[in-house]
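# Structural overview
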Amino acid sequence: MPLQKRKRITLGLFSLLLATALWLPCLHLFFRQDLDDYFPAQGLGARTRQVAQRHLDAWTRPELLEREISKMRGTNAEWDFMGRSFLVWSLANMALRDPESSDRYLEAADRIIAETVRLEEEKGHLYFLMDYAKGRDFQVSPNRSLFVDGEIALMMGMRRVAREKAEYAAPMRERLDALLERMRRSPVLSGESYPMECWMFCNSVALAALKTGDYLDGTDHSDFFREWVDTARQKLTHPATGLLVSSYTPDGGFLDGPEGSSIWTVAHFLDFIAPEFARDQYDRARQALGVTVAGFGYAREWPRQWAGKPDVDSGPIVPLLGASAGSSGQAFLAAATFGDRPYLSALLTSLHFAAFPVEREGSLRFCASNQVGDAVLLYAATAGPVLEKIRKGRPQ
Amino acid sequence: MTTDTPKSTSRNPILRILRAPFFSPLGFLIRALAIASVFGLLNLWGLRDYTSVVCGTSPSGNLADKTSILLGMFYAVVYFASYVGAPLFLLAAGILALLERRFADPSREASVSAGEEKSCD
């Protein structure tokens, strides 16, 4: 039915506007997930098993693994390493959540640890770092990275918490002693991940590894933990937000401000040694970086009070929204750790909308992510039982 | 007010559909179907795997492989258009059809009908 042109355009624009107002608030309903499929209080969720299957498949099919790893190393060699760490930490927690399948999970964890240590021995301690690590010396010699020592120590530690494996005790202790000594030599009690660069992410992992070592071997670093938290509060906190900064020199000079690709995971690992401080960091990060809109959730990389530049950690930043894949992925871990289920649900909705999920042969992966991204999600969905066991302490 | 002679008065039904003005129920419907069709084709082509560019990972492992990156970005744009844009056009088509019925100009309707009858003679 023809109408006068101006009238037709006006009605058309109004129709589009009304359709937008009706559709956008409903869109999230088509992507909403049952939280218990990923984050059940006990056991493993159905979706979590599918995500785990994707990783277990990769580690049993060398050609698949090789392809995944080469894709990630093409961008960042660290992702190859972190994909292993997050997966082993997940498998240790999964073994406690699902004792019937624990043999299978721990065998996979052992295979990954063995392969990682072998690569480190064959190709050098800095093999899993980006190339610029090799250009200069670390302030503390010999050239060793807290990133590598901390994550490997925590891999071995979580595996031992799930079920003791005597072979890991000595190499784990060796790495813990080395990293503790390096941390103590810095005025801000932090070890270098790269020459002259301390990363909060790696230091929080190292602290969690020390705490795990305390539980396993009967050592006690509680004084060091208290001292570290006091120092961090005073010298490593961004004044405007109260958030821990992302990277700094061994003397405590800020290199980066607070970043989403760091702070969410930092809050999770600080929960091992200082739960109240960790919770405070989460609440501040949630306020400064967490966003929920129309049923969707995402995380920004930087608070409004800090202007950063996109890098390999943040991933590309979505214009206007400021959403960062790196920050949003790690927000899962913190939201799960601190029981923020409304935010978790909103993040999950976004994941199924914007991360292009693919289900194939009983496994689930997200095309917009990579192996390390999916491993962070798996760890977010499984973490808890290891820390719970550590908190309970060993039977006297 | 300018008078509007819609392009959709052709007797060929396919041409009539394709030439429907943008701000018309048929025009909106065609946009919705076009987006959905392109999305279907891209899925058949297997381009979903290329969206790893979103997290900064090259689908082929080679950061210099611009074609893969462009394909991944193109898929992502069409994907969001198909979930946000296509249903929106579909809804808008229905709303506009109802509005047109409600706000139809009776005198113009009569003159157009008369014109159509004349042209049939």
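Since the model is a prediction, treat every value here as computed from it, not as a measurement.

This next bit is on the overall build of chain B. Each helix and strand counted, chain B has four helices and zero strands in total. Ordered by position from the N terminus, the helices and strands of chain B form the series α-α-α-α. Relative to its 121 residues, chain B shows a buried fraction of 36%. For chain B, contacts bridging at least 24 residues in sequence account for 54% of all contacts bridging at least 6. For chain B, the computed accessible surface area is about 7,200 Å², with 66% contributed by carbon and sulfur atoms.

Residue and element names in this part refer to chain A. Looking at chain direction, strand S8 (residues 357-360) and strand S9 (residues 363-366) are connected through four bridges and run antiparallel. Each bridged residue has a counterpart across the sheet, and for Val358 the counterpart in S9 is Arg365. Hairpin connection of S8 to S9: two residues between the antiparallel strands, including Glu361 at a positive phi of 50°.

Below, the discussion takes up unusual backbone geometry. Residues and elements named next belong to chain A. Residue Ser141 is joined to Pro142 through a cis peptide bond whose omega torsion reads 0°. Inspection of the secondary structure assignment puts Pro142 in the loop between helix H5 (102-123) and helix H6 (146-162). At Leu320, a residue that is not glycine, the phi angle is positive and equals roughly 70°. Relative to the elements of secondary structure, Leu320 occurs in the loop between strand S7 (296-299) and helix H12 (325-337). Exposure remark for Leu320: the relative accessible area of 92% places this residue in the exposed category. The backbone of Glu361 shows a phi angle near 50°, a positive value even though the residue is not glycine. With respect to the helices and strands, Glu361 occurs in the loop between S8 and S9. Residue class for Glu361 comes out exposed when judged on its relative accessible area of 73%.

This part covers the pattern of salt bridges. Residue and element names in this part refer to chain A. Within this structure, the stated rule accounts for 29 salt bridges over all chains. Residues Arg84 and Asp80 are paired through a salt bridge, measuring 2.9 Å at the closest nitrogen-oxygen approach. Of this pair, Arg84 and Asp80 are both found in helix H4 (residues 77-97), four residues apart, which corresponds to roughly one turn of the helix. Like Asp80, Arg84 is buried. Here the residues in one salt-bridge network are Arg160, Glu164, Arg173, Asp177 and Asp217, joined through shared partners.

Turning our attention to helix H2 (residues 25-44) of chain B. Residues and elements named next belong to chain B. End to end, H2 covers 29 Å across 20 residues, agreeing with the expected 28 Å (1.5 Å per residue, within 8%). Those residues of H2 lying buried are Pro25, Gly27, Phe28, Ala32, Ile35, Phe39 and Leu42. Trailing H2 by a residue or two, Gly46 shows a phi angle of about 75°, which is positive.

Turning our attention to the packing of helix H3 (residues 62-75) of chain A against H4(A). All names here are of chain A. It is the contact of H3 with H4, at a shortest axis distance of 5 Å, that shows an interaxial angle of 130°. When the axis of H3 is compared with that of H4, the two are oblique. Along the contact surface, H3 presents Ile69, Met72, Arg73 and Thr75, while H4 presents Ala77, Trp79, Asp80 and Arg84. A breakdown of the residues in the contact of H3 with H4 according to their chemical character gives four nonpolar, one polar and three charged.

Moving on, we come to the interface of chain B and chain A. The interface of chain B with chain A comprises 43 residues on the first partner and 42 residues on the second. Of the roughly 3,800 Å² buried at the junction of chain B and chain A (both faces included), carbon and sulfur atoms supply 69%. Across the chain B-chain A interface, the total number found is one salt bridge. A salt bridge links Arg365(A) to Asp49(B); the nearest nitrogen and oxygen atoms lie 2.7 Å apart. Residue assignment for the side of chain B that touches chain A shows that the elements contributing at least two residues are helix H3 (66-102) and helix H4 (106-120) of chain B. Tallied by class, residues from the side of chain B that touches chain A come to 28 nonpolar, eight polar and seven charged.

Residue and element names in this part refer to chain B. Model confidence for chain B is summarised by a mean pLDDT of 79, while 75% of its residues fall at 70 or above. Averaged pLDDT values for the elements of chain B fall to 50 in H4 and rise to 95 in H2. Note on residues 1-8: pLDDT is under 50 here. Beyond four places in sequence and across chains, it has 15 contacts. Note that residues 115-121 has pLDDT below 50 and, in this model, one contact with residues that lie over four places away or in other chains. We note a pTM of 0.89 for the whole complex and an ipTM of 0.78 for its interfaces.

With that out of the way, let us pick up the side chain of His352(A). With respect to the secondary-structure elements, His352(A) resides in helix H13 (residues 341-354). A distance of 3.5 Å separates the side chain of His352(A) from the side chain of Gln33(A), its partner in a polar contact. Apart from the residues within four sequence positions on either side, His352(A) is in contact with Phe31(A), Gln33(A), Tyr38(A), Arg47(A), Pro357(A), Phe366(A) and Tyr79(B).

Turning our attention to the nonpolar core. Counting residues in hydrophobic clusters, the biggest one holds 139 residues, and the most contacted among them are Trp228(A) and Trp264(A). Setting aside its immediate chain neighbours within four residues, Trp228(A) contacts Met183(A), Val188(A), Leu189(A), Ser190(A), Met200(A), Asn203(A), Leu207(A), Leu270(A) and Phe277(A). Core analysis: the second largest hydrophobic core is formed by 15 residues, Leu16(A), Ala19(A), Leu88(B) and Ile95(B) among them.

This part is about the environment of Pro310(A). Residue and element names in this part refer to chain A. Here Pro310 is to be found in the loop between S7 and H12. Taking the C-alpha atoms as reference points, Pro310 and Gly157, separated by 153 residues in sequence, lie 33 Å from one another. For Pro310, the contacting residues outside a window of four places in its chain are Trp302, Gly315 and Ile317.

Further remarks concern a nonpolar patch on the surface. A cluster of nonpolar side chains, Phe14(A), Leu18(A), Leu22(A) and Leu91(B), forms an exposed patch at the surface whose accessible area comes to about 320 Å². Counting residues per element, the nonpolar patch draws most heavily on helix H1 (residues 5-27) of chain A, at three residues.

What counts and what doesn't
- Residues numbered from 1 in each chain as written.
- Chains lettered and ligands numbered in written order.
- Predicted model: local features only at pLDDT ≥ 70, side-chain atom pairs only at ≥ 80, totals over all residues.
- Heavy atoms only, no water.
- Helix = DSSP H or I, 4+ residues; strand = E, 2+ residues; numbered from the N terminus.
- Buried < 20%, exposed > 50% of the residue type's maximum accessible area, 1.4 Å probe, protein only.
- Contact = heavy atoms within 4.5 Å.
- Areas by Shrake-Rupley, 256 points an atom, 1.4 Å probe, with all protein chains shown as cover.
- Pairing = 2+ DSSP bridges.
- Salt bridge = Lys/Arg side-chain N within 4 Å of Asp/Glu carboxyl O.
- Expected span 1.5 Å × (residues − 1).
- Axes fitted to C-alpha atoms, helices over the stretch in contact; angles between N-to-C directions.
- Parallel < 35°, antiparallel > 145°, perpendicular 65-115°, else oblique.
- Nonpolar A, V, L, I, M, F, W, Y, C, P; charged D, E, K, R; others polar.
- Buried area = accessible area lost by both parts, 1.4 Å probe.
- pLDDT = per-residue confidence, 0-100.
- Polar contact = N/O pair within 3.5 Å; in protein donor to acceptor, adjacent residues only side chain to side chain.
- Core = buried A, V, L, I, M, F, W, Y, C linked by side-chain atoms within 4.5 Å.
- Patch = residues over 30% accessible without salt bridge, like charges linked within 9 Å, V, L, I, M, F, W, Y side chains within 5 Å.

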